[in-house]
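Chain and residue survey
Here is how the chains run, residue by residue.
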Amino acid sequence: MKGNAVLHVADVQKNFAGLRALSDIDLMIEEGKTHAIIGPNGAGKSTLLNVCVGRIAPDEGAVVFKGQVITGKKPHEINQLGIARVFQTPEIFPDLTLLQNVMAPAYARRDGPIRLNLLSALDADKDVRAEAEHVLLDLGLIEKRHHEAASLSRGDKRRLELAMCLVQHPSLLLLDEPTAGMSRLDTNRTIDILKRIKERGMTKVIIEHDMHVVFSLADKVSVLAQGRIIAEGTPDEVRADPRVQEAYLGGAH
Amino acid sequence: MDTTNTTADLKSATMDADTHSAHYHTKSEVPTQLPPLGPDMRPLWPPKVDILMTVLFGIAVFSMPIWLQPFGAAYPDLMQRFAIFGIFAIGFNILFGLTGYLSFGHAAFLGIGSYAAVWSFKLLSLNVVPAIILSVLIAGVFAAAIGYVSLRRSGIYFSILTLAFAQMCYNLAYSVLTPITNGETGLRVLRNDPRVLDALVGSSEVAIPRASFFGISMTGMAGFWACAVCLMIAFYIALRITRSPFGMMLRGIKSNQTRMAYVGFNTRPYTLVAFIVSGMYAGLAGALLAVVDPLAGAERMQWTASGEVVLMTILGGAGTLLGPFIGAVLIKYFENIFSALGHTTLSDAFSFLPDGVREFAVSIVSPFVGEGWHLTLGVLFVLVVIFLPGGLAEGFRRIGRMFRGGNKSETSS
């Protein structure tokens, strides 16, 4: 491992029925940094995250997390190592209350992938409950903690999903368009929350279309187009790069 | 399609990003610091409510001989069935109601429980305690094997796999396994069976082989009391499982199994344990069927019996604690009492009407009772599924809420 990279995506290739979704992706995510991945629709951004969390196996290459190869591991094993993910469409437990939504990941963090505590009481685990309540408080969802998650607005669902990830104190947080479909107000709130997490030293990879969000948060930006990384650098460098402008204008269709 | 849009975004963001923080703090409606609201550690389920529910359930079960009188159902044989199939449905609900995995083969475990109990009466003792323990354990072993294979798939494929395994058990019981099951005749307890445990303490020879609990013969009301005690224990364990972190994970699996994996759970062991536990409940129910009538036949394992427990659970309310029991009582009531209503009973019931109208009323109602009881049950089932997807238990909850008023979005289970 070079430097202080938390995650190293090493020469990853992925084809879908002859279509090259990812080609020769080599990406270093540095510890404590916020790394944004931008690019036109269909550039392979979500595929890249899917490879990182074990949803998709790459055809070639490997993903190394804290010096350990994680390609080929199951999603729950990868999560247990400390990678949490917010999906593009909120993946929550719609039938459970907000509190239970957040308590479940807190249990996974505390007890590992399997614990068959059939006869212990949910109410007895005060530490898990307190942790879940604190995260909900932090994200402004505490008032609704006893509501069913299905009743939330789209913006609140995304915030709940973020709470489910944060309660696990992951060392790496992957965010797939965390503000898509949010109002300006909600977007700003999310940016504020993400800034606060950064102060705690959590490493983040963020996929985003909204440049306002990217330039507010990112330390480093990688630009993906047609499955390749075409530019990488600080937000200012990337903004000045003529290839990026070109990819956005001519690359999509 | 949004190429131009994104480019515009890219340019405007340059300015926007710089002004963002200042802009943010001027917005008064966004609180920078959330109000210092401490965590509220009130129990999710007030213990009082659970105790009250258990006590009320206990009163309802043990007073069945009284309150079932006006319904003409207060005779021991039927009340035993209410309790036994209540256990079956409560156990089935742990799998189906909590995880959402719909098994179409749970009758197999009921039958296995019955056979195991009868073998215990034949080989070990006429005492019910070893029979019940043995049945629950053997049903658990079978559930582990069938569940391990079936749970590799979900949805309709899981249902089909469980159905296939149950039909396999049913057919084997009639054919290859005849030495163990005694085929079509059914397995019965004989006067001169070895009964090693009974032989140790005295004689294994009895005049009429009947299951007993340390001398109390399990016939009639004694049989009902035994079943009722088992039902209470089964209910209490189901309550504890529902209120446990394990129970919450099962509901998480039902709600979004993908998410469970991405928050770090290995879901397979959870579903497998739920499957085994519900199989053991079915084994207990099967054992009790043999306790009150020491005879086991393969017809108990047929797919119709598996379907019946699905109906009971959905009718009463899948995922609720009391629903499955309500469903079991209702279906067994229809099967035994409603099906026996004849033309004369109806004429009596409508005797307050004038002659011509009475004949008309009887002719309208008669297809729905007696042999037509399936029709009434079918109509009821359709109505419940369409108008009360949460089952009868949800209906009761709605009525309760109407009386208390409001409090709609708060959930409780």
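The structure under discussion appears in the preceding block.
A quick note: this is a predicted structure, and the numbers were derived from the prediction, not measured. (Residues numbered from 1 in each chain as written. Chains lettered and ligands numbered in written order. Predicted model: local features only at pLDDT ≥ 70, side-chain atom pairs only at ≥ 80, totals over all residues. Heavy atoms only, no water.)

So, about the overall build of chain A. Of the regular secondary structure elements, chain A holds nine helices and 10 strands. Its C-alpha radius of gyration of 18 Å places chain A within 12% of the 18 Å reference for a compact globule of 253 residues. Principal-axis analysis of the C-alpha atoms places the extent of chain A at approximately 55 × 40 × 35 Å. Going through the 253 residues of chain A one by one, you find that 59% of them count as buried. Taking as baseline every contact in chain A between residues at least 6 positions apart, the subset at least 24 positions apart corresponds to 67%. A total accessible area of about 9,600 Å² is found for chain A, and carbon and sulfur atoms account for 49% of it. (Helix = DSSP H or I, 4+ residues; strand = E, 2+ residues; numbered from the N terminus. Rg over C-alpha atoms; globule rule 2.2 N^0.38 Å. Buried < 20%, exposed > 50% of the residue type's maximum accessible area, 1.4 Å probe, protein only. Contact = heavy atoms within 4.5 Å. Areas by Shrake-Rupley, 256 points an atom, 1.4 Å probe, with all protein chains shown as cover.)

What follows is about the sheet that holds strand β7 (residues 172-176) of chain A. All names here are of chain A. Pairing within the open sheet is mixed, and its six strands lie in the order β6-β7-β8-β3-β9-β10. A single partner strand is all that each edge strand has here, and the edge strands are β6 (83-86) and β10 (228-233). Neighbour to neighbour, the strand axes of the sheet diverge by 15° on average, direction disregarded. Of the pairings in the sheet, the one linking strand β3 (residues 34-38) to strand β8 (residues 203-207) comprises four bridges and is parallel in character. From the neighbouring strand, H35 faces β8, where its bridge partner is V205. The sheet contacts of helix α5 (residues 154-166) involve β6 and β7, and relative to β6 the element is tilted by about 180°. (Pairing = 2+ DSSP bridges. Axes fitted to C-alpha atoms, helices over the stretch in contact; angles between N-to-C directions.)

What follows covers the packing of helix α2 (residues 47-62) of chain B against helix α10 (residues 220-242) of chain B. Residue and element names in this part refer to chain B. The contact between α2 and α10 brings their axes to 10 Å, and the two run at 160°. Judged on the interaxial angle alone, α10 and α2 are roughly antiparallel. Both α2 and α10 take part in a crossing whose hand is right-handed. Each of D50, M53, T54, F57, G58, V61 and F62 in α2 lies in contact with α10, whose residues at this interface are F224, W225, A228, V229, L231, M232, F235, Y236 and L239. Residue composition of the contact of α2 with α10, grouped by class: 13 nonpolar, two polar and one charged. (Parallel < 35°, antiparallel > 145°, perpendicular 65-115°, else oblique. Left-handed = near helix turned anticlockwise from the far one by under 90°. Nonpolar A, V, L, I, M, F, W, Y, C, P; charged D, E, K, R; others polar.)

Structural measurements only, silent on function.
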